[in-house]
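# Coordinates in review
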Amino acid sequence: MPTLNKIRAALTTHRDPLPADPHLTRLRIAVTAFFAMDGFLFAGWVVRIPAIKAQTGAGAGALGLALLGVSAGAVAFMMLTGRLCRRFGSHTVTIASAAGLALSIVLPPLTHSATALGLVLLVFGAAYGSLNVAMNSAAVDLISALRRPVMPSFHAAFSLGGMLGAGLGGLVAGSLSASVHLSLLAVVGLLVTAVAGRSLRIHPAPVVPERRTAEESRPRSGHEGRGRRLVVVFGLIALCTAYGEGAMADWGALHLTQDLAAGPGTAAAGYAVFALAMTLGRLSGTAVVQRFGAARALIAGGTTATAGMLLGALAPTVWAAGAGFAVAGLGLANIFPIAIARAGETGGPDGVSVASTVGYGGMLLGPPAIGFLAEAAGLPLALTTVALLAAVAAGIAYATRGAHHTGRRVTREA
């Protein structure tokens, strides 16, 4: 049974926080750097997709199939990475995966066909998925020692890195070829990996010795089954919010342009507002979870996202829709990081890998599902499914709110 109660203290306010430890501070900075680098590199790749499409001569359909290589590689390696983290440690796997991501980002500009692009994107996606599981597992270990719910801050770093990567990519797209641009990003990624990885190598993953494993405190069979079910539940919560993120990234600006007659700049600003709201929400996520607890934060986030997305999808004006996007971004911001943290709390690295795989499935499901529904019923109605799944996430969080309190009783008994 993976270690239970790994970060119970990190998801509630405690009266006995651990004193500030320079060792933990350095680890937190290093893990934050990996999250930011991940978002920076991935956004840099995304903004060069049009140039690489032109280089390969792929049509829309062929490009769509090639881009599935990222998703296929990521999902395939997410499940494997949990086992690798158990065997070699999350720090070692984080460093190796980050180096693999930085090196593989130079491959897409070297391709000249959709088939070759799809194959190299399998490698890129594998590194991306592996890094996401490994660094989230490292974050779970760190949160356990910090006894503070800081997972949203790590995901805020990912969002900030993505905004920086997209902005920088847009600035240099007209002056640098995709090959030069992505090669420079690879150098940045390797430098961050070398510097931040040194901290991970020097400082091992923190251990909280006073917490006993589930094997020591409870009968094995019953709690293993319950833990697996909880991990899947948290993965479903993550899926609901990832569905919304994927849908907004691909369809939000189009909705403003197509249905509300917004200009290109206004439509881009509408999505930027959503992304900025998510970033701000994640920056404040630690304080929110400390103040209200993880369960209430999930319920409130899902409810807020539901209301915001209904407004964003059905509002008759651009500005009202933009306001709805902002509210939806605030609501969705912390659902994914809290769900992944709770999965890691329950199932360790395996819990993170399972919940991440289920959760990222929502990001894969969202864009095509919205597309099919838009053809059948129109894009505004299709986007209301984001609100529906946010409401489902809130409902699941409400139904499982007692799991957190049960875990705290186990922690005290141990």
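Residues numbered from 1 in each chain as written. Predicted model: local features only at pLDDT ≥ 70, side-chain atom pairs only at ≥ 80, totals over all residues. Heavy atoms only, no water.

### Remarks on the overall build of the protein
- Along the protein, the regular secondary structure elements total 16 helices and zero strands.
- Classification of the 414 residues of the protein by burial places 55% in the buried group.
- Within the protein, contacts between residues at least 6 apart in sequence are counted, and of these 86% link residues at least 24 apart.
- Surface exposure of the protein reaches about 16,800 Å², of which carbon and sulfur atoms provide 69%. (Helix = DSSP H or I, 4+ residues; strand = E, 2+ residues; numbered from the N terminus. Buried < 20%, exposed > 50% of the residue type's maximum accessible area, 1.4 Å probe, protein only. Contact = heavy atoms within 4.5 Å. Areas by Shrake-Rupley, 256 points an atom, 1.4 Å probe, with all protein chains shown as cover.)

### Some thoughts on the packing of aromatic side chains
- All chains considered together, the criterion is met by four aromatic pairs.
- A connected cluster of aromatic rings, assembled from ring pairs, spans Phe-42, Trp-45, Phe-124 and Tyr-128.
- Over the ring of Phe-292 we find Arg-291, and its NZ or CZ is 5.1 Å from the ring centre. (Phe/Tyr/Trp six-rings, centres within 6.5 Å; stacked < 30°, edge-to-face > 60°. Lys NZ or Arg CZ within 6 Å of the ring centre and 35° of its normal.)

### Here's the deal with the environment of Ala-145
- Among the structural elements, Ala-145 can be located in helix H5 (residues 114-146).
- Judged by relative accessible area, which is 4%, Ala-145 ranks as buried.
- For the pair Ala-145 and Leu-24, spaced 121 residues apart in sequence, the C-alpha separation works out to 7.9 Å.

### Some thoughts on unusual backbone geometry
- Of note, the phi angle at Arg-147 is positive, near 55°, even though the residue is not glycine.
- Here Arg-147 is to be found in the loop between H5 and helix H6 (151-172).
- Here Arg-147 falls in the buried class, since its relative accessible area comes to 10%.
- Even without glycine at this site, Ala-261 takes up a positive phi of about 60°.

### Digging into the nonpolar core
- Ranked by size, the top nonpolar core spans 101 residues in total, and within it Phe-154 and Ile-237 carry the most contacts.
- For this core, the element with the highest residue contribution is H5, accounting for 16 residues.
- If sequence neighbours within four positions are ignored, Ile-237 has contacts with Leu-298, Ile-335, Ala-339, Ala-393, Ile-396 and Ala-397. (Core = buried A, V, L, I, M, F, W, Y, C linked by side-chain atoms within 4.5 Å.)

### Points about the pattern of salt bridges
- In the structure shown here, the tally under the stated rule is two salt bridges.
- Close ionic contact of Asp-350 with Arg-86 constitutes a salt bridge, the shortest N to O distance being 2.2 Å. In this pair, Asp-350 sits in helix H14 (residues 335-377) while Arg-86 sits in helix H3 (residues 60-88), placing the two residues 264 residues apart along the sequence.
- Arg-86 gets classed as exposed once you look at its relative accessible area, which sits at 52%.
- The residue Glu-245 makes a salt bridge to Arg-282 at a minimum N-O spacing of 3.5 Å. One end of the pair, Glu-245, is in helix H9 (residues 220-260); the other, Arg-282, is in helix H10 (residues 264-283), with 37 residues separating them in the sequence. In this pair, the class of Glu-245 matches that of Arg-282, namely buried. (Salt bridge = Lys/Arg side-chain N within 4 Å of Asp/Glu carboxyl O.)

### Details of the confidence of the model for the protein
- Averaged over all residues, the pLDDT of the protein is 82; the fraction at 70 or higher stands at 86%.
- Across the protein, the secondary-structure element scoring lowest on mean pLDDT is helix H8 (residues 214-217), at 40, and the one scoring highest is helix H4 (residues 90-104), at 95.
- Taken as a whole, residues 1-19 scores under 50 in pLDDT and shows 67 contacts with residues more than four places along the chain or in a different chain.
- Here residues 209-221 scores under 50 on pLDDT; set against residues more than four positions off or in separate chains, the count is 23 contacts. (pLDDT = per-residue confidence, 0-100.)

### Considerations on the side chain of Thr-400
- Residue position: Thr-400 is located in the loop between helix H15 (379-399) and helix H16 (401-413).
- Other than its neighbours up to four places away in sequence, Thr-400 contacts Val-233 and Arg-342.

### Side note on the packing of H4 against H5
- One way to put it is that H4 packs onto H5 with a least axis distance of 8 Å and a crossing angle of 150°. Regarding the angle of H4 to H5, the classification is roughly antiparallel. Crossing hand, H4 versus H5: left-handed. Contacts between H4 and H5 involve Ser-90, His-91, Val-93, Thr-94, Ser-97, Ala-98, Gly-100, Leu-101 and Ser-104 from the first element and Val-123, Phe-124, Ala-127, Tyr-128, Ser-130, Leu-131, Ala-134, Met-135, Ser-137, Ala-138 and Asp-141 from the second.
- Taken together, the residues of the contact of H4 with H5 break down into eleven nonpolar, eight polar and one charged. (Axes fitted to C-alpha atoms, helices over the stretch in contact; angles between N-to-C directions. Parallel < 35°, antiparallel > 145°, perpendicular 65-115°, else oblique. Left-handed = near helix turned anticlockwise from the far one by under 90°. Nonpolar A, V, L, I, M, F, W, Y, C, P; charged D, E, K, R; others polar.)

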